[in-house]
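# Close look at the chain arrangement
As a plain string of letters, each chain reads:
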Amino acid sequence: MKRHSRMRRHGVAAVVAVSALLLSGCAVGGGGASADKGAKLSDKPVTISLYWWGSASRVTSTDAAVKLFEKAHPNVTVKLQSTDWGSYWDKLATSVAGGQAPDVMQFDQLYVASYAQRGALADLNDYSKYLDTSSLTKNVRDTGEYDGNLYAVPIGLNSVGVAVNRSVLDKYDVKLPDTKSWTWDDLDRVAKEVTKASDGKVLGLDPFGGDTPSLTLWARQRGNTLFNQKGEVVLKPSVLAGYWQYALDQIKDGVTPSASQLAEGASVPLDQSDLAKGKVAMTFLPSNLTAFQVAAPTQKLDMLPFPTTDNAKKGWQYLKSSMYWTISSKSKHPAEAAELVDFLTTNSKVGKLFGAERGTPANPDFQKVITPDLAGSDKIVMDYIKQVTAEAGTPAPITPVGGQDADSLLAQYWQNVQFGKATPKEAAVQYIAALKKELAAAKG
Amino acid sequence: MSALNELRALKVPKGTKRIRDKSDTRDNKAAAVFLLPWLIGFFAITLGPMVASLYLSFTDYNLLQNPNFTGLTNIERMLQDSDLGSSLIVTLVYVVISVPLQLIVALAIAVLLDRGMRGLSFYRSVLYLPSLLGGSVAIAVLWRLVFGGEGLLNAFLALFGIHGPSWIGSPNTALGTLIILHVWTFGAPMVIFLAGLRQIPRELYEAASTDGATRWRQFRSITVPMLSPIVFFNLVLGIIGAFQSFTQAYVISNGSGGPTNSTLFITLYLYQKAFGSLQMGYASAIAWLLLLIVGAATAINFWASKYWVFYDD
Amino acid sequence: MTDQQTIQRPPLSVPAVAIRPARAPRDAASRRRRVWSVLRHVLLIVLCLVMLYPVLWMVASSLRPNGYIFNNPSLVLNTFEVQNYTRGWDALQAPFSTYLANSAIIVIGAILGNLISCSLAAYAFARLRFRFKRLAFGAMLVTMMLPIQVLIIPQYVIYAQLGWINTFVPLILPKFLATDGFFIFLMVQFIRGIPKELDEAARIDGAGHARIFLQIILPLMKPALATAAIFTFIWTWNDFFSQLIFVTAPDKYTASVALRQFVDPTGQSDFGALFAMSVVTLVPVFLAFLFGQRFLLRGIATTGGK
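Structural notes, computed from the coordinates. (Residues numbered from 1 in each chain as written. Chains lettered and ligands numbered in written order. Predicted model: local features only at pLDDT ≥ 70, side-chain atom pairs only at ≥ 80, totals over all residues. Heavy atoms only, no water.)

Time to look at the sheet that holds strand S8 (residues 203-206) of chain A. Residues and elements named next belong to chain A. Reading across the sheet, the four strands line up as S8-S9-S7-S10 and stay open at both edges, with mixed pairing between neighbours. Looking at which strands have only one partner, the edges of the open sheet turn out to be S8 and strand S10 (301-304). For this sheet, the mean angle separating the axes of adjacent strands, direction not counted, is 20 degrees. Bridging between S8 and strand S9 (residues 280-285) involves three bridges; their strand directions are parallel. Bridge pairing links Asp206 to Thr283 in S9. Docked against the sheet, helix H7 (residues 184-197) engages S8 and S9, running at close to 135 degrees with respect to S8. (Pairing = 2+ DSSP bridges. Helix = DSSP H or I, 4+ residues; strand = E, 2+ residues; numbered from the N terminus. Axes fitted to C-alpha atoms, helices over the stretch in contact; angles between N-to-C directions. Contact = heavy atoms within 4.5 Å.)

Have a look at this one:
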């Protein structure tokens, strides 16, 4: 017995010592001193790291762009790190927690607020000497702001629309109405016609229901939105219920894949989706049409505007930033990092290299540079973005702190509706409550 | 007395202690030498992170800022978390069905493959192949090809006029396809069984044969008892592993655990919370709940093992 | 099969008269055996086809052009797209051979580490008596029960403070410190199957634990060592999460991490190249298994003497 308790005392002491060590380590990641505001360029050799996500197709252009930067800044070496989207955020969170954050990071609007509010991102206004964002329009630039500070520089733009397979429409002789301002009823009618004309071989539409961008547009047409500028959930349950009811009716009408087929398709990469495989004629898409076109080289794909209602509020359209560049607040060389971001977002050679691969460029100069070379789906998308730009209102606020689950929760409750586990109204109330809880949990 | 017996005898009456103490001292030094790497690893690498995660489970740690101690908040939250509840049920169903099923298949095939037969190494390698694929992206594609709405299984059923659903996309059958996937990758326990079968002295079978024992009888009275420590090993580790199943569900549902949370394993859920929602504190609390459950299951296993596991020593 | 029949053959000294009546049932028995043997092969071949299909399909897909891969469950090839291999090999920052080499270094380190450290620990748990043995064994089991997802951050913090991020040290060193409870437990179970009389005989001859371990136990636990080596190879080769987290420079990526970069769920993916490189990555593991399983066989003869 005696020996036992002695052991226990030793054990406890060791455990306390180890955990103290670790927790001091965990602290490396958060809070702490902010970067030196008067950061200066170094004249000694400097190494900075650039972290981005994407598939192999993005490797060459990123490599080449960084080589150009190194040529222009001979004392700076850029170490590239890259992973796929799914791994990206796991690795980033871990490296930030361990005090090893990369200097420059590609970012998604889902995480900008969460990282910025918790002190992981540098306020780019501090480095305006090296980083010029004046070429961006105010609306676009604002999508990189949180709490009045600029934390992220938009790289590309997108906006949800309807991708349509014209080859299928032609084959079954289905005519589109004037889609400039087509309505939800129009969309429904086309979907039904395709389904009927093809005898169900090709379904009309892949419905929406589980993605916040399309929900936000739907809500904005009805004078509502998902998050307000203060980062609160202001979505009305009735609006969400209506959004789901619309899609649910289409599923019940048989003009879309069934609930279980949709669930199966929810996890596939874009190029295995029903549109790319010619199984449906239309789908909602954040204007990244090229990925589909590559996967379905024989189909003639086109991009149509997001349908609307007759009495929709003007300016419901908006441009969403497809991705951003950010700088770590812990960067040892913020000035050089800022120069790199500047180079990547303003140097026209980079604009040419990147093309539309990271989305239609946010920088209007880049758009001009690449327009002459655009063809096919890239051109369709660019035209679409230009059209939206002309009609767009103030952009929807970026996802607030703790709201990263907004999409996955929406998809989850949408499935409950599809499989009859809840009515649209019940699920809408549950979703909004769940999302509010997440935001509250993040505030602590 | 060996490790397992001692572990089993955790509640052995105090009286036996003195005898053991005496012999204990005999090997202490040797044990320290043999266990040195493990001791260093345990205290320097394993224990620290475990204790840290235990501490973090009482905090609001969000990966980006210092953790704040929040007392029992996470535990209160777990009690009200219906997603956690459903993920526990999903995980339990998965463990209870897939572990025994996989072991039975693995054992049956190992016995089939044991003892001189032509093409043994070929069969063994081919049967191990699925386990080599592990959680690769190819598996996800393949699984849709087989169990999707227009998959091979439904094409087969159509021959009999049955119109099958998307087995992956239906909440009632999605977990079933994951169980099949688990059983299908029976390579690891099979190899361990085979290695165990190798250790059974051949003479036992020879003696039994001369006595006229049937194959089934030989299996019952020689193979099963002699192999029971290995069966026990596979069972314990199979359960520990299945409770922590992650990759397959992650790859096939693309991390969502859908449809309608029907494949939301507890590790997938805590992963979502940790890295998706940046709620590492809460995720750590869930992980420790999982540890308690797996620990209880393992303890029951060890307790039950004295009724069926046969040790020679 | 054959050795069984040899054994069952009646001794030569059986009187001639006895052979005749005994003959009929023996023929029936051997016919039954032959039928059983054929059945067994048929069963196994069917099973093998089910098992082989996915791999064959993967190989077939790696030879198809992009856009013709999905919705094509057949194994018949109309085209022979070798470009997937050439393109995939050079698609990422470094040639794919770099990733394979990195994986190989980690795998070799992990195998050595696991074999040495786990067998030492297993010997102690299976054969030695010492204080806190129950506690230590229980602790070892408990270390396997926490999912990596919550341990990775504290581990990362430790390794970051030691300056080991972006090296292979965090992936290899722990293996030399017996952190893989699975293999300790596995080897414990196997050592316990080795008759204790052998140790005791050696001890009477004056052998210490070091000699008993090296000269008696290790040679007798070859199947377990082979199993551990094979599993370490496969699991380390396929491991993704820790390799992803601890290594940052693309030229230090392992094959399993590199493979993920062929697919981007939101953009353009290159499935042809993915399958091609998956096949390339599968070859070393499969060869390792083919090679390693010979050692599983070697154990047979040695366990006699009981």
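Every α-helix winds through 3.6 residues per turn, so residues three or four apart in the chain are directed the same way. Burial analysis of helix H8 (residues 181-191) of chain C places 11 of its 11 residues in the buried class, the great majority of the element. Looking at H8 of chain C, one finds that the buried residues are Gly181, Phe182, Phe183, Ile184, Phe185, Leu186, Met187, Val188, Gln189, Phe190 and Ile191 of chain C. (Buried < 20%, exposed > 50% of the residue type's maximum accessible area, 1.4 Å probe, protein only.)

Before going further, it helps to examine the pairing of S9 of chain A. Residues and elements named next belong to chain A. For S9, the buried fraction is high: six of the six residues fall into the buried class. Summarising the sheet, strand S7 (residues 161-165) and S9 pair through four bridges and their orientation is antiparallel. If you follow Val164 over to S9, its bridge partner there is Met282.

Let us now look at the interface of chain A and chain C. The interface of chain A with chain C comprises 40 residues on the first partner and 36 residues on the second. Roughly 3400 Å² is buried in total at the junction of chain A and chain C, and carbon and sulfur atoms are behind 61% of that figure. For the interface between chain A and chain C, the tally reads zero salt bridges. Where chain A packs against chain C, one counts seven residue pairs in polar contact (both at pLDDT 80 or more). Every element with two or more residues in the side of chain A that touches chain C is listed here: helix H1 (2-26), helix H2 (59-72), strand S2 (76-83), helix H3 (85-97) and helix H11 (289-295) of chain A. At seven residues, the largest contribution of residues to the side of chain A that touches chain C is made by H3 of chain A. Looking at the side of chain A that touches chain C residue by residue, the classes come out as 15 nonpolar, 15 polar and 10 charged. (Buried area = accessible area lost by both parts, 1.4 Å probe. Salt bridge = Lys/Arg side-chain N within 4 Å of Asp/Glu carboxyl O. Polar contact = N/O pair within 3.5 Å; in protein donor to acceptor, adjacent residues only side chain to side chain. Nonpolar A, V, L, I, M, F, W, Y, C, P; charged D, E, K, R; others polar.)

A word on the packing of helix H4 (residues 96-127) of chain C against helix H10 (residues 209-220) of chain C. Residue and element names in this part refer to chain C. Following both chains from N to C, one finds H4 and H10 inclined at 105 degrees, their axes separated by 12 Å at the closest point. By the angle between their directions, the pair H4 and H10 is classed as roughly perpendicular. Residues Ser119, Leu120, Tyr123 and Arg127 of H4 pack against His209, Ile212, Phe213, Ile217 and Leu218 of H10. Per-class residue counts for the contact of H4 with H10 are six nonpolar, two polar and one charged. (Parallel < 35°, antiparallel > 145°, perpendicular 65-115°, else oblique.)

Even without a glycine there, the phi angle at Asp173 of chain A is positive, about 55 degrees. Counting through the fold element by element, Asp173 of chain A comes out in the loop between helix H6 (166-171) and H7. The class of Asp173 of chain A is exposed, set by a relative accessible area of 56%. For Leu63 of chain B, which is not glycine, the phi dihedral falls at a positive 80 degrees. With respect to the helices, strands and loops of the structure, Leu63 of chain B is situated in the loop between helix H2 (17-56) and helix H3 (73-80). Relative accessible area serves as the criterion here: at 0%, Leu63 of chain B is assigned to the buried category.

Within the element layout of this structure, Ser209 of chain B appears in helix H10 (residues 202-210). Side chain to side chain, Ser209 of chain B and Gln218 of chain B meet in a polar contact 3.2 Å long.

Another point: the interface of chain B and chain C. Every contact between the two is made by 104 residues of chain B and, on the other side, 104 residues of chain C. Summed over both partners, the interface of chain B with chain C buries about 9700 Å², with 72% contributed by carbon and sulfur atoms. Our count for the chain B to chain C interface comes out at zero salt bridges. Taken together, the links from chain B to chain C amount to eight residue pairs in polar contact (both at pLDDT 80 or more). In terms of residues, the side of chain B that touches chain C owes the most to one element, H2 of chain B, which gives 22 residues. A class-by-class count of the residues in the side of chain B that touches chain C yields 68 nonpolar, 20 polar and 16 charged.

All names here are of chain A. What the rule picks out here adds up to eight cavities of 30 Å³ or more. There is about 200 Å³ of room inside the second largest cavity. Contributing to the lining of the second largest cavity are 16 residues, with Gln109, Tyr318, Ala396, Pro397 and Thr399 lying nearest its centre. Contributing elements (two or more residues each) for the lining of the second largest cavity: helix H8 (212-221) and strand S11 (320-327). (1 Å grid on protein atoms, 1.4 Å probe; cavity = no way out; pocket = protein on both sides within 12 Å on 5 of 7 lines; lining within 4 Å. Points joined across faces, edges and corners; volume = space filled by probe spheres on them.)

It is worth spelling out the nonpolar core at this point. Ranked by size, the top nonpolar core spans 286 residues in total, and within it Tyr115 of chain A together with Phe262 of chain C carry the most contacts. Among the elements that make up this core, the one with the highest residue count is H4 of chain C (13 residues). If near-sequence neighbours (up to four positions away) are discounted, Phe262 of chain C is found in contact with Ser55 and Ala56 of chain A together with Gly88, Ala91, Leu92, Phe96, Ser269, Asp270, Ala273, Leu274 and Met277 of chain C. The next biggest cluster of nonpolar side chains, apart from the first, holds 57 residues, and it includes Ala191, Phe208, Trp316 and Ala434 of chain A. (Core = buried A, V, L, I, M, F, W, Y, C linked by side-chain atoms within 4.5 Å.)

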